[in-house]
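One-letter residues, chain by chain:
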Amino acid sequence: MPKAKPRVKPGSSAKLGRTEASAELNSRARFTKRAPISSHAKFVRQEEITTVDLETKVYPNGLRVFSERLPSASSVAVGLWVNAGSLHESKSNAGIAHFIEHMVFKGTAGKSMREIMRSVESRGGMLNAYTTKEHTCYYTWTRTVQLREALDVLCELAARPNFTERDIERERNVIIEEINGLEDEPDELVFDLFEKELFGDHPLGRPVIGTTKSVSKFNREDLLRFHARHYRADQITIVASGAHQHAELFEAIEAVLGNFGSTKTRSSSPKPYSRHKPRLKQTISREGGQQSHIILGRRAPGMMSKDQVGISALVTLLGVGMSSRLNLRLREELGLAYDAAAFYSPFKDRGSIGLYVATSVESQERSIKEMRNILKGLFSRPISQTELDRTKDQMIGGLILSLESVSNRMMRAGMQALYYNAYHPLEKEIEKIAELELSEIRALAKHLFEDESGLSLVAVVPKQEDEE
């Protein structure tokens, strides 16, 4: 894989329930969204909201398509999501979803590796993929005149990989080197270790890339079995955002529809969460490097939580941007760190939240003390209405600016399709942010951070001479 690191009333969402959609498989839901937002004029002007023309469709084999047309755009981004990530793996085949994502670029039944690489890039476009704990995504960004070719290569990758023994052995070595390389990237390693500490033996606690032991055991039959189970039409969502025509997109999809199996798979029940209790502190020493990488955080609600937007706001004011509490204190006032940020990483049902800092070994203990003080400061210096309004403005502004990119729009719509089986107009998201109450944010801060015994500290630090 070339490496990269989601009939309608205003303000509501266009839902695609399976039962509802199957009753009208040959129809399309369309709306042009530009609802009044005068109640939130404090944060956004009407002209900042782009007119969107949306069409959706669910095919008889279960394949879902969201087509977001933007008359003001000049290109198109297309993403193909598969419900296959490390969450769907066992401990013995950990990393197989990521392995398959790499393997499909080695060649398919209809295209060689060179043809795949040149199919989009030779005309100025971009082709890439990534794997997460919950899904795998293949995506392109290209000129609208290349829509059919771009969609064709995405479907070819997802539906018809070769998985030759020679390519498997070659890519196995590449991925094992990638796993070994994590030791040279402590800023990534600390997040893997933090999630392992939070979720224990649950698949969410395992790295997406797998382990040297598990990757070393994969064979062609393993790949074919996992692919057949998860790369089915009813487990796939296609999203396009840009200046394309809806009819051309649906025609292109219908031309390749037969490549995907039509037998619906039985959805497996997610592994239940154990009563695993994270440790309060874990320090891992590693060879080389000059900095300590530190995370202080805990488990948090996931994407389906009613508090998801409020938690995002809390994290923004804590440590997103140079004007956040974390950066103002650690970087600007004390000069302890160059890299300092708050994060919220939600999965469907659960997530993680915390503070991250990279600092010198000499400043490690002082930085940890200040990280704890910043969280305590949420109660000794409670969030004000002015601070919350500034945070809302930051979130809404960042959202609007990010949607200048059709690729970002496609990713946003894809996430909505995956988690909510819906398309949420921009106005709806702005409304949720603008209507956050101060009491709500303070209550979330209290729930997540007041009890220090619920926080886990994970640090990856350079090995000292006396540890030899």
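Refer to the structure presented above.
Residues numbered from 1 in each chain as written. Predicted model: local features only at pLDDT ≥ 70, side-chain atom pairs only at ≥ 80, totals over all residues. Heavy atoms only, no water.

Participant: What is the right way to read the sheet that holds strand β10 (residues 291–301) from this model?
Facilitator: Adjacent strands of a sheet pair through backbone hydrogen bonds, lying either parallel or antiparallel. Judged by pairing direction, the sheet is mixed, and its five strands sit side by side in the order β9-β14-β10-β12-β11 without closing on themselves. For this open sheet the edge positions go to β9 (281–286) and β11 (337–346), each flanked by a neighbour on one side alone. Each adjacent strand pair in this sheet contributes to an overall mean axis angle of 15 degrees, direction not counted. As paired strands, β11 and strand β12 (residues 350–360) are joined by nine bridges and run antiparallel to one another. The partner of A337 across the bridge, within β12, is T359. (Pairing = 2+ DSSP bridges. Helix = DSSP H or I, 4+ residues; strand = E, 2+ residues; numbered from the N terminus. Axes fitted to C-alpha atoms, helices over the stretch in contact; angles between N-to-C directions.)

Participant: What's the story with the pairing of strand β14 (residues 456–462) in this structure? I'm lost.
Facilitator: Consecutive side chains of a regular strand alternate in pointing toward one face of the sheet and then the other. The buried fraction of β14 is high, at seven of seven residues. As judged from the six bridges shared by β9 and β14, these two strands associate in the parallel manner. Along β14, the bridge assignment pairs S285 with V461. For β10 and β14, the ladder comprises five bridges, and the chain directions are antiparallel. Looking at β14, one finds that H293 is bridged to V460. (Buried < 20%, exposed > 50% of the residue type's maximum accessible area, 1.4 Å probe, protein only.)

Participant: Looking at this model, I keep getting lost on the pattern of salt bridges. Mind explaining?
Facilitator: Pairs can form between side chains of opposite charge once their charged atoms are near each other. This model, assessed by the stated rule, comprises 22 salt bridges. Note that E68 and R409 form a salt bridge whose closest N and O atoms lie 3.3 Å from each other. Note that E68 is positioned in strand β4 (residues 64–69) and R409 in helix α14 (residues 406–420), a separation of 341 residues in sequence. For the pair E68 and R409, a shared accessibility class is recorded, and that class is buried. Overlapping salt bridges, with partners in common, bring together R329, E333, R366 and E370 in one network. (Salt bridge = Lys/Arg side-chain N within 4 Å of Asp/Glu carboxyl O.)

Participant: I'm lost on the nonpolar core in this one. Help?
Facilitator: It is characteristic of soluble globular proteins that their nonpolar side chains tend to be buried jointly. Ranked by internal contacts, the top residues of the largest apolar core, which has 52 residues, are L63, L80, I100, Y138, I238 and I253. When near neighbours in sequence (up to four residues on either side) are disregarded, L80 contacts T136, C137, Y138, L154, C155, A158, I236, T237, I238 and F260. Judged by nonpolar contacts, the second largest core, of 49 residues, contains L314, L388, L444 and L455. (Core = buried A, V, L, I, M, F, W, Y, C linked by side-chain atoms within 4.5 Å. Contact = heavy atoms within 4.5 Å.)

Participant: Even after reading the chapter, I still don't get helix α11 (residues 325–333), so can you show me in this structure?
Facilitator: The set of residues buried in α11 consists of R325, L326, N327 and L330. G335 sits one or two positions beyond α11 and adopts a positive phi of about 60 degrees.

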